[in-house]
Amino acid sequence: MSGKRETVVDVQGTVEDGFEPVRDAFAANFARRGERGAAVAVYRHGRKIVDLWGGSRDADGPEDGGAPWEADTAQVIRSATKGVAAIVPLLLHQRGLLDLDAPVGTYWPEFKAAGKDRVLVRHLLSHRAGLPVLDTPLTPEQALDGVSGPDALAAQAPAWTPGAEHGYHAQTYSWLLAELVRRVTGRTIGTWIADEISGPLGLELWVGAPADALARTGRLADVEAPVPPAAAGLRVRPKRDVAEAYRDPASLTRRAFGAIAPAPDENADAYRAAELPASNGIATARALARCYAALIGPVDGHPRLFAPATLTLARTEESAGPDRTLVVNTRFGLGYMLHGPASPLLAPGSFGHPGRGGCLAFADPESGTAFGYVTNGMQQNVTADPRAQALVRAVRAALDA
């Protein structure tokens, strides 16, 4: 008899009656899907019903001797940050401070250069601006300085006619959104999130982490993805055209994900303390779930953040079909990925955002459900992770029971 030995992890935390399948799926992620350290949380109608964590805080630590993942362990959430960052322009619009149909140059005059005078604010949020790549990638130091990224994008010519097509703005979303928010509010986007969202809601969530957050943030590491049947029904090897796009240095795919070169050290304090709203948010699963719960309903006496009209904007399809960057069909509302084959969420009305390699956060207004999952083991995926999908399926089964 042969085969890989299953890993047994002591899962910590609580689940309400009826949601035990989520605990089972979470434990199975460690046993069969290569999980190192992770947490998952679920809110329903503003109440926390699942709050679980387990494994090691550091994915690259010794498997049998790493520090344990604690209740307050936070993690870099990569592109799941985009869904948090999108709250800012949508709330600014809700407050009458930002016109989604105005040219970006209305607020950021230098941006009009190189044929971008007709790029609208909504194009930035729906990945239709034509700016997923930079002709000259930024160094890690330039990427973090808050100036070089916006300057480069102000000078950059679009890769396609803005508004005509869509393609995931993997890295450039950071500087586009950050500079727009700074021009409108006079504050950095990380400061705005801290002042208006994380602070009032008591969230362990930061874009630009302070020292106390850095001290309890685990380390990321690449880990091997599972093979069927542990892959939760997902394709774990990319299609040939997708694989070729990632290998081709001239492709929009490689250039979009390589807008910072060489790749920054995501475990470095300097990276984590900077503000990159596309990629370097730090959060607990509990904070992500609570944040999304607050978008769709009241939480512990706090009024909902999104008015009904704003919620409609977030999850009304703006972009759909072939994605120029990801080379698969994707769907976006304003700032959010929508439910579909490339990024399965809970139900057709769900909206949220995955993080490359594993993390996922979303809300489903119809069922009143909000979900957050964070991991330190980065598997080779962009929009759908087998571990996250196993948890989503367990939540769905519990709700349907």
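The coordinates are above.
Given the structure is predicted, the values throughout are model-derived calculations rather than measurements. (Residues numbered from 1 in each chain as written. Predicted model: local features only at pLDDT ≥ 70, side-chain atom pairs only at ≥ 80, totals over all residues. Heavy atoms only, no water.)

### Focus on the pattern of salt bridges
Argument step 1. With the rule as written, the count across this model stands at 23 salt bridges.
Argument step 2. E196 is paired through a salt bridge with R95; the nearest N and O atoms lie 3.5 Å apart. Highlighted residues: E196 in helix α8 (residues 189-201) and R95 in the loop between α3 (87-94) and α4 (121-125), separated in sequence by 101 residues.
Argument step 3. Sharing partners across several salt bridges, the network here consists of K48, D51, E204, R216 and R286. (Salt bridge = Lys/Arg side-chain N within 4 Å of Asp/Glu carboxyl O. Helix = DSSP H or I, 4+ residues; strand = E, 2+ residues; numbered from the N terminus.)

### A few points about the nonpolar core
Argument step 1. In terms of nonpolar packing, the biggest core is built from 78 residues, with W175, I197, L205, L295, F306, Y336 and F351 touching the most fellow members.
Argument step 2. If you tally residues by element for this core, the top one is helix α13 (residues 285-296), at ten residues.
Argument step 3. Counting 25 residues, the second largest nonpolar core, distinct from the first, contains I49, V50, L360 and V395. (Core = buried A, V, L, I, M, F, W, Y, C linked by side-chain atoms within 4.5 Å. Buried < 20%, exposed > 50% of the residue type's maximum accessible area, 1.4 Å probe, protein only.)

### Here we look at the pairing of strand β9 (residues 329-332)
The two faces of the sheet receive side chains in turn, since in a regular strand these alternate between them.
Argument step 1. Side chains T330 and F332 of β9 all project onto a buried face; the interleaved residues N329 and R331 project onto a face where none is buried.
Argument step 2. Relative to β9, strand β8 (residues 319-322) is paired through four bridges, and the arrangement is antiparallel. Considered in β9, the bridge of P322 is made with N329.
Argument step 3. Here β8 folds back onto β9 in antiparallel fashion, the turn holding six residues, of which V327 has a positive phi close to 60 degrees. (Pairing = 2+ DSSP bridges.)

### Thoughts on the packing of α3 against α8
Packed helices, taken two at a time, are described by the angle their axes make and the gap between the axes.
Argument step 1. At a minimum axis separation of 10 Å, α3 and α8 run at an interaxial angle of 65 degrees. The angle between α3 and α8 falls in the class roughly perpendicular. Handedness of the α3/α8 crossing: left-handed. Counted together, I87, V88, L91 and L92 of α3 and I189, W192, I193 and I197 of α8 form the full contact between these two elements.
Argument step 2. Split by residue class, the contact of α3 with α8 holds eight nonpolar, no polar and no charged. (Axes fitted to C-alpha atoms, helices over the stretch in contact; angles between N-to-C directions. Parallel < 35°, antiparallel > 145°, perpendicular 65-115°, else oblique. Left-handed = near helix turned anticlockwise from the far one by under 90°. Contact = heavy atoms within 4.5 Å. Nonpolar A, V, L, I, M, F, W, Y, C, P; charged D, E, K, R; others polar.)

### So, empty space enclosed by the protein
Argument step 1. Within the structure shown, the criterion is met by three cavities of 30 Å³ or more.
Argument step 2. In terms of lining, the largest cavity is formed by 14 residues, of which the most central are P354, C359, T383, A384 and D385. (1 Å grid on protein atoms, 1.4 Å probe; cavity = no way out; pocket = protein on both sides within 12 Å on 5 of 7 lines; lining within 4 Å. Points joined across faces, edges and corners; volume = space filled by probe spheres on them.)

### Some words on the environment of T185
Argument step 1. The topology assignment puts T185 in helix α7 (residues 172-185).
Argument step 2. Residue T185 is classed as partly exposed on the basis of its relative accessible area, which comes to 25%.
Argument step 3. Along the chain, T185 and P386 lie 201 residues apart, while their C-alpha atoms are 39 Å from each other.
Argument step 4. Apart from the residues within four sequence positions on either side, T185 is in contact with L92 and W192.
Argument step 5. Polar contacts involving the side chain of T185 include one to the main-chain carbonyl oxygen of V181, which spans 2.8 Å.
Argument step 6. In terms of polar contacts, T185 uses its side chain to reach the backbone amide nitrogen of R187, at 3.0 Å. (Polar contact = N/O pair within 3.5 Å; in protein donor to acceptor, adjacent residues only side chain to side chain.)

### Quick word on α8
Argument step 1. In this model, α8 (13 residues) spans 17 Å end to end at C-alpha, consistent with the 18 Å of a helix rising 1.5 Å per residue.
Argument step 2. At D195, α8 shows its largest bend, some 35 degrees.
Argument step 3. Within α8, burial applies to I189, G190, W192, I193, I197, S198 and L201.
Argument step 4. Against α2 (80-85), α3, α7, β5 (205-206) and α13 lie the buried residues of α8.
Argument step 5. Positive phi appears at G202, one or two residues downstream of α8, with a value of about 65 degrees. (Expected span 1.5 Å × (residues − 1). Bend = angle between axes of the 7 residues up to and from the residue.)

### Side note on the environment of A401
Argument step 1. Looking at the element boundaries, A401 is found in the segment after α15 (386-400).
Argument step 2. The exposed category is assigned to A401, whose relative accessible area is 89%.

### Topic: the environment of A59
Argument step 1. For A59, the position within the fold is in the loop between β3 (47-55) and β4 (75-76).
Argument step 2. As a C-alpha pair, A59 and Y173 span 114 residues in sequence and 27 Å in three-dimensional space.
Argument step 3. In contact with A59, other than residues within four places in its own chain, are R36, R219, L220, A221, N376 and G377.

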